[in-house]
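Architecture at a glance
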Amino acid sequence: MIVALVFLGTWPALLNLLERRGRNPVHTYLDYSLTNFLVAVLIALTLGQIGAPKPGEPNFTTQLSQNNGPSVGFAVAGGVFLCCGNLATQYALAFVGLSVTEVVASSITVVAGTTMNYFLDDRINNAAVLFPGVGCFLIAACLGSWLHASNVADIDKKLGIQRGGDVIDRSRARAAEAGGPSMMLPVGFEQPSLDAAAKMKLDALEEGKTGVAPPPTKAEVGSAAHLQEIENRRCVKVNASSKFIGLAIVFTAGACYSIFSPAFNLSTNDQWHKLAPGVDKLVIYTAFFYFSLAFFGCAILINVCFLYKPAFGVPKSSIGAYLKDWNGRWIALLAGVLCGWGNGFQFMGGQAAGYAAADAVQALPLVSTFWGVVIFGEYRRATTKTYILLGAMLCMFAAAVGLLMGSSGTRKN
């Protein structure tokens, strides 16, 4: 479970890294979903084939020909919901950042999904410990939303101040996004015309100056110039008015995440008794194969549409352009490998100790926040209020995870 926690907390950081570098997120998601599926195939053909088939425990290839349609349907539904949740997460990362995205989405997942898993697993988890943990997750989600609002205010304040303390008109700052910090002029100043600029350069040359601009200095992390550099370079275009759209996307991702784990639970344990008498329940490896196959198919369908009908300012692309885009591809492929193994380990743990307790891997925001703060400089040079909210959110989240893990039970069958 610890390995699953690290893997599931790292792959969003890799997708966020590629988007901030300007790679088309559609290209990234297609690469990521490919290796995610290949990991499921590898697990099914190795771990799913270990040992001879036993009554009630068939191997992977044996189950492919069994009449287990209802369980396969639940696994497929879970894969579709996870695909939509991960896709929403990919875009939410650009709007609200790694830390808030993962905490809010994971908290919603636990509040809804863990409650459903508790009842599906015949209440094998300790309710006196489990549900206080669920309450802590809910508080963490509220703190995450508050933290996001505070961070947005910090960013707006930074972008409203020009170097040297001159206040910038916000509409001018918005219009200057495409040109970078150097185009942002104090109110009352106008951008010089081409002729005026040429005359200024000529005058400088006549005075004996070289006319060569000094080398640009690297913007300090967390500064207005740094935020503007990220905005100019990244593929998904973000502005202050649309950041709350990102928060809505986060809640959508959380809703999708809260369904995929109970659906997978139903596919392996048949709590609703949909299988015909005598038909074996899906073993974890077979269910994971169908789950990942549905994930892959859904990802291909949605992202091929996004290639030609993009959203959120992403440039239009094509299948040919995707195949030729090798910039950062290995990072996207690595993200898929990490996600595939992380999901597989989570489901193995859930089958053994209960899916409600296995949702402890939703502590992945603790890993994602580390990457967000240390690697991407999120919340750098923020206000004291923002730092207090960040600390409170993480403390509440850590307490929730501890309670969830403490509620673990043992599956009777």
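One structure accompanies this document, and this report is about it. Here the structure is a predicted model, which means the values were calculated and not measured. (Residues numbered from 1 in each chain as written. Predicted model: local features only at pLDDT ≥ 70, side-chain atom pairs only at ≥ 80, totals over all residues. Heavy atoms only, no water.)

**Concerning the nonpolar core**
Burial of nonpolar side chains together is a common tendency in soluble globular proteins. For clarity, the cut-off: The nonpolar core is taken to be a set of buried Ala, Val, Leu, Ile, Met, Phe, Trp, Tyr and Cys residues, with the residues joined through side-chain atoms within 4.5 Å. With a 1.4 Å probe rolled over the protein chains alone, any residue whose accessible area is under 20% of its type maximum counts as buried; one over 50% counts as exposed, and the rest are partly exposed. Strands here mean DSSP runs of E at least two residues long; helices mean DSSP runs of H or I at least four residues long; both are numbered from the N terminus. Contacts: residue pairs with any heavy atoms within 4.5 Å of one another.
Counting 80 residues, the largest nonpolar core has Trp11, Tyr32 and Phe291 as its most contacted members. By residue number, the principal contributor to this core is helix α4 (residues 69-96), which donates 11 residues. Setting aside residues no more than four positions away along its own chain, phenylalanine 291 makes contact with Ala75, Gly78, Gly79, Leu82, Phe260, Phe264 and Phe347.

**Digging into helix α6 (residues 127-159)**
What counts, and what does not: To estimate the expected span of a helix, subtract one from its residue number and multiply by 1.5 Å. Polar contact is defined as a pair of N or O atoms within 3.5 Å, subject to the rule that within protein one atom must be able to donate a hydrogen and the other to accept it, and that residues adjacent in sequence are counted only when both atoms are side-chain atoms.
Taking 1.5 Å per residue, 33 residues should reach 48 Å; α6 reaches 48 Å between its end C-alpha atoms and fits that length. At the N-terminal boundary of α6, the capping side chain belongs to asparagine 126, with an oxygen 3.1 Å from the backbone nitrogen of alanine 128.

**Comments concerning the side chain of glutamine 63**
Position of glutamine 63 among the secondary structure elements: in helix α3 (residues 60-63). At a separation of 2.8 Å, a polar atom in the side chain of glutamine 63 contacts the main-chain carbonyl oxygen of lysine 281. Here glutamine 63 is in contact with Pro58, Asn68, Asp280, Lys281, Leu282, Val283 and Thr286, once residues within four sequence places are set aside.

**Describing the packing of helix α2 (residues 25-46) against α4**
Let me state the cut-off plainly: Geometry is summarised by axes, namely lines fitted to C-alpha atoms with helices restricted to the contacting stretch, and by angles between N-to-C directions that run from 0 to 180 degrees. Each crossing gets its hand from how the near helix is turned against the far one by less than a right angle, where anticlockwise is left-handed and clockwise is right-handed. Residue type decides the class: Asp, Glu, Lys and Arg count as charged, Ala, Val, Leu, Ile, Met, Phe, Trp, Tyr, Cys and Pro as nonpolar, and the leftover types, Gly among them, as polar.
Packing of α2 against α4 brings their axes to within 11 Å, and their N-to-C directions diverge by 145°. Note that α2 runs across α4; the crossing there is right-handed. When α2 is examined against α4, the residues Pro25, Val26, Thr28, Tyr29 and Tyr32 are found in contact with a partner set consisting of Cys83, Asn86, Leu87, Gln90 and Tyr91. Of the residues in the contact of α2 with α4, the class split is 7 nonpolar, 3 polar and no charged.

**Focus on the packing of aromatic side chains**
What counts, and what does not: Only Phe, Tyr and Trp rings are paired, with Trp represented by its six-membered ring, and only when their centres lie within 6.5 Å; those with planes under 30 degrees apart are stacked, over 60 edge-to-face, the remainder tilted.
Evaluation of the coordinates by the stated rule reveals 23 aromatic pairs. Centre to centre, the rings of phenylalanine 264 and phenylalanine 347 are 3.8 Å apart; their planes meet at 10°, and the pair counts as stacked. Placement of the pair is phenylalanine 264 in helix α10 (residues 243-269) and phenylalanine 347 in helix α13 (residues 329-353), with a sequence separation of 83 residues. Across this residue pair, the class does not change: phenylalanine 264 and phenylalanine 347 are buried. Relative to phenylalanine 347, the ring of phenylalanine 291 has its centre 5.2 Å away and its plane inclined at 80°; by these criteria the two rings are edge-to-face. With phenylalanine 291 in helix α11 (residues 284-308) and phenylalanine 347 in helix α13, this pair connects stretches of sequence that are 56 residues apart. Take phenylalanine 291: its relative accessible area is 1%, and that puts it in the buried class. The class of phenylalanine 347 is buried, set by a relative accessible area of 0%.

**Brief notes about the pattern of salt bridges**
Rules: What counts as a salt bridge is simple: a side-chain nitrogen of Lys or Arg found within 4 Å of a carboxyl oxygen of Asp or Glu.
Taken as a whole and assessed by the stated rule, the structure comprises 3 salt bridges. For arginine 23, the salt bridge goes to aspartate 325, with nearest N and O atoms at 3.2 Å. On the criterion of sequence distance, the pair formed by arginine 23 in the loop between α1 (2-20) and α2 and aspartate 325 in the loop between α12 (319-324) and α13 is long-range, its members being 302 residues apart. Overall, aspartate 325 belongs to the buried group, its relative accessible area being 15%. Residues arginine 329 and aspartate 31 are paired through a salt bridge, measuring 3.0 Å at the closest nitrogen-oxygen approach. On the criterion of sequence distance, the pair formed by arginine 329 in helix α13 and aspartate 31 in helix α2 is long-range, its members being 298 residues apart. No difference in accessibility class separates arginine 329 from aspartate 31, as the two residues are buried. Among the charged side chains, a salt-bridge network with shared partners connects Arg23, Asp31, Asp325 and Arg329.

**Section: α2**
With 22 residues, α2 extends 32 Å between its outermost C-alpha atoms, agreeing within 8% with the 32 Å of an ideal straight helix rising 1.5 Å per residue. Burial of α2 is extensive: 16 of the 22 residues sit out of reach of the surface. Residue asparagine 24 occupies the N-cap position of α2, its side-chain oxygen lying 2.9 Å from the main-chain nitrogen of valine 26.

**Remarks on a nonpolar patch on the surface**
Stated formally: Patch definition: residues above 30% relative accessible area lacking any salt bridge, with like charges linked at up to 9 Å and the nonpolar side chains Val, Leu, Ile, Met, Phe, Trp and Tyr linked at up to 5 Å. Shrake-Rupley sampling with a 1.4 Å probe provides the accessible areas, and residues are treated as covered by the protein chains on show and by no other component.
Together, Phe81, Met116 and Ile259 give the surface a local cluster of nonpolar side chains, amounting to about 220 Å² of exposed area. With respect to the helices and strands, isoleucine 259 occurs in helix α10. When its relative accessible area of 34% is taken as the criterion, isoleucine 259 is described as partly exposed.

**Some words on the environment of phenylalanine 345**
Of note, phenylalanine 345 is situated in helix α13. Along the backbone, phenylalanine 345 and valine 3 are 342 residues apart, and their C-alpha atoms lie at a distance of 7.8 Å.

**What about the environment of tryptophan 146?**
Residue position: tryptophan 146 is located in helix α6. Sequence separation between tryptophan 146 and threonine 386 is 240 residues, and the spatial gap between their C-alpha atoms is 8.9 Å.

**Some thoughts on the packing of helix α5 (residues 98-120) against α6**
For the record, the criterion: Roughly parallel refers to an angle under 35 degrees, roughly antiparallel to one over 145, roughly perpendicular to one between 65 and 115, and oblique to any angle outside these ranges.
Interhelical geometry of α5 versus α6 gives an angle of 155° and a closest axis separation of 8 Å. For the element pair α5 / α6, the angle class is roughly antiparallel. With respect to the hand of their crossing, α5 and α6 are arranged in left-handed fashion. Each of Val100, Val103, Val104, Ser107, Val110, Val111, Thr114, Thr115 and Tyr118 in α5 lies in contact with α6, whose residues at this interface are Ala127, Leu130, Phe131, Val134, Phe137, Leu138, Ala140, Ala141, Gly144, Ser145, Leu147 and His148. Of the residues in the contact of α5 with α6, the class split is 15 nonpolar, 6 polar and no charged.

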